[in-house]
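# Architecture and fold: a report
Read off the chains here:
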Amino acid sequence: MKKEDKSIVIEKLGQLLAEYPHFYLVDIEGLNAEATMSLRRSCFKGEVKLMMVKNTLLRAALHNKGEEFEQFDPILKGSSALMLCHTANAAARIIKDLTSDPKKKQTKPALKGAYAQEGFYIGAEHLDTLVSIKSREELLAEVISLLESPIKNVVSSLQSAGSTIHGVLKTLEER
């Protein structure tokens, strides 16, 4: 590949990394055609962009993004695929779903590392942590339900207090 072509690819990778706030590096080497199609189908449904990348070009794009991304240098070996997503846990859920099926006994895609919610996760042991990260929508729904709870309690108390007062007045009237 010519140097000009490499710089164009590095620039495009940099644009993708800027466009998507979360990305995962995974190893999908050795997947058969059926497993690869299943992975691609899952990524399409989950709105995750999956692409094979050359480690040296991705390393250059990450270095252009900032010095803190040099943490990914040790894992950029072998075959690497890049999973880009707008929801922090979308790619982690796909990986977990595909590798946790006991019937298939599939070990890949294997997580190498991730950048999600402005945090760095190096190694496959962080997969459960990444799956449990809540999306923006999930957090907003949780906050709204927490805000609604006290209001519902007050309204419920006022309604029950009204029926209690009504019951006391009715009893007094009957006497």
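What counts and how
- Residues numbered from 1 in each chain as written.
- Predicted model: local features only at pLDDT ≥ 70, side-chain atom pairs only at ≥ 80, totals over all residues.
- Heavy atoms only, no water.
- UniProt positions renumbered as here; feature names shortened; annotations may be inferred.
- Core = buried A, V, L, I, M, F, W, Y, C linked by side-chain atoms within 4.5 Å.
- Buried < 20%, exposed > 50% of the residue type's maximum accessible area, 1.4 Å probe, protein only.
- Helix = DSSP H or I, 4+ residues; strand = E, 2+ residues; numbered from the N terminus.
- Contact = heavy atoms within 4.5 Å.
- Disulfide = S-S within 2.5 Å.
- Salt bridge = Lys/Arg side-chain N within 4 Å of Asp/Glu carboxyl O.

The protein chain is annotated in an unreviewed UniProt entry as Large ribosomal subunit protein uL10 from Porphyromonas crevioricanis JCM 15906. What the UniProt record of the protein chain gives under Function (unreviewed entry) is the line "Forms part of the ribosomal stalk, playing a central role in the interaction of the ribosome with GTP-bound translation factors." Taken directly from UniProt, the Sequence similarities (unreviewed entry) text for the protein chain runs: "Belongs to the universal ribosomal protein uL10 family."

### Structural notes on the nonpolar core
Residues Tyr-24, Leu-39, Val-48, Met-83, Leu-111 and Leu-130 are the most contacted members of the largest nonpolar core, which totals 26 residues. Where this core is concerned, the elements lending two or more residues are strand S1 (22–27), helix H2 (33–45), strand S2 (48–53), strand S3 (80–85), helix H4 (90–99), strand S4 (110–116) and helix H5 (127–132). Element by element, the count of residues in this core is highest for H4, at six residues. When sequence neighbours within four positions are dropped, the list of residues in contact with Val-48 reads Cys-43, Met-83, Leu-84, Cys-85, Ala-90, Ala-91 and Ile-94. In this structure, Tyr-20, Ala-61, Phe-69 and Tyr-115 belong to the second largest nonpolar core, which totals 19 residues.

### Thoughts on the state of the cysteines
A full pass over the atoms with the stated rule returns zero disulfides. No disulfide involves Cys-43; its sulfur sits 9.2 Å from the nearest other cysteine sulfur, which is in Cys-85. For Cys-43, a relative accessible area of 2% corresponds to the buried category. Taking the relative accessible area as the measure of exposure, Cys-85 reaches 0% and is therefore buried.

### Side note on the pattern of salt bridges
Applying the stated criterion to the full structure yields four salt bridges. Put simply, Arg-59 and Asp-73 hold a salt bridge, and the shortest N to O gap is 3.5 Å. Placement of Arg-59 in helix H3 (residues 55–65) and of Asp-73 in the loop between H3 and S3 is noted, with a sequence separation of 14 residues between them. Since its relative accessible area comes to 22%, Asp-73 is described here as partly exposed. Between Asp-128 and Lys-96 there is a salt bridge whose closest N-O contact spans 2.5 Å. Of this pair, Asp-128 sits in helix H5 while Lys-96 sits in helix H4, placing them 32 residues apart in sequence.

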